[in-house]
Structure formats: C-alpha cells, structure tokens
Amino acid sequence: MSFDTIYFVRHGETDMNLEKRCQGRIDIPLNQTGRQQAAEIALKFENKKIDSIYSSPLSRAVESIRPLAETRGIVPVTLDWLTEIDHGELEGFRAGEGTARQGEIMAAWDSTPEKVKFPGGESLAEVAARVATGL
C-alpha cells in the first residue's frame, strides 16, 4: 500500500476534553460540539481526493470521521495502532486531583511531554513507534 498524501484528523470534543481529563483509551462519545466539529471535517475535506479512511476504534474517533466517510461512500477501517496514548493509571485523571506524584506527572506532561511515561501506560516515543510500525 502506498500513499500520496495522508491527512491526520483529531477527534472532536468530548465531555472529558471539557473537564480537562486524561481520556486516553476511555471510550466515550463526542458531545454536541464534537458532533458539529465532525460535520465540519466533512466540509473541510469536500474538495480533497480521499480513497480510504482509517480510524482508531474508539467511538469518539469513529464518530468524528463518520460524516466524511458517509459523504464519500467509504467504509472506514479501524486500526488498533491508531488508538490514543495509554495514560495508564492517570486515565480519567484531571490536573489538580489525585496524589502529589500524579500532579508531578501532569505538570511534566504540560512542560516536557516527551519525557513522560505514564505509569502503567505509554510514553510519546512508544506511541510514535506504534504508529510508525503501523504506517
């Protein structure tokens, strides 16, 4: 398989985004704003040539590309290696909550994310390697 162009599109907004929580692999749907953003994705790409659509299997990602896929008559393919970073023990965590150690990890994530490995989860380097292998 070869590609001329690859477009990466982030999922639309969820309630956990609004709450500034680490949603990682928690499978939650888009909220109303996120559904509107998904509709806007389809409009932004209306003049682009798209042959295939791939998505994380998480519902927020699938929902985000659904309008685009439907307007093109394309059945999206879900790929596990596109799943969001695993926040491990910090899944569902919001900055300012939890232990001092969790707070230190979140502060580091804000300032030097490339140095963070989430306890029981992944680092950005591990995510990059996962995606590179998938590509």
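Summary of the structure given here. Worth saying up front: this structure is predicted, and the values here are computed from it rather than measured.

Quick look at the overall build of the chain now. A tally of helices and strands in the chain yields 5 helices and 2 strands. Listing every helix and strand of the chain by position from the N terminus yields α-α-β-α-β-α-α. For the C-alpha atoms alone, the extent of the chain along its principal axes is close to 50 × 35 × 20 Å. In the chain, which comprises 135 residues, the proportion classed as buried is 36%. In the chain, the share of contacts with a sequence separation of at least 24, taken over all contacts with a separation of at least 6, comes to 62%. With an accessible surface of roughly 8200 Å², the chain has 53% of that area assigned to carbon and sulfur atoms.

The next point concerns a nonpolar patch on the surface. Judged by side-chain polarity, Phe 3, Ile 6, Phe 8, Tyr 54, Val 77 and Leu 135 come together as a nonpolar surface patch covering roughly 570 Å² of accessible area. Residue placement: Leu 135 occurs in the segment after α5 (124-134). Look at Leu 135 and you get exposed, because its relative accessible area is 54%.

Time to look at α5. When α5 is considered as a whole, its buried residues turn out to be Val 127, Arg 130 and Val 131. One face of α5 carries all of its buried residues, which in axial projection span an arc of 90 degrees. Away from the buried face of α5 by more than 90 degrees, exposed residues Ala 125, Ala 132 and Thr 133 are located.

What follows concerns unusual backbone geometry. The residue Lys 20 is not glycine, and still its phi comes out positive at about 55 degrees. When you line up the elements, Lys 20 lands in the loop between α1 (15-18) and α2 (32-44). Residue classification places Lys 20 among the exposed positions, given a relative accessible area of 66%.

Definitions and limits used
- Residues numbered from 1 in each chain as written.
- Predicted model: local features only at pLDDT ≥ 70, side-chain atom pairs only at ≥ 80, totals over all residues.
- Heavy atoms only, no water.
- Helix = DSSP H or I, 4+ residues; strand = E, 2+ residues; numbered from the N terminus.
- Buried < 20%, exposed > 50% of the residue type's maximum accessible area, 1.4 Å probe, protein only.
- Contact = heavy atoms within 4.5 Å.
- Areas by Shrake-Rupley, 256 points an atom, 1.4 Å probe, with all protein chains shown as cover.
- Patch = residues over 30% accessible without salt bridge, like charges linked within 9 Å, V, L, I, M, F, W, Y side chains within 5 Å.
- Salt bridge = Lys/Arg side-chain N within 4 Å of Asp/Glu carboxyl O.
- Arc of directions from axis to C-beta.

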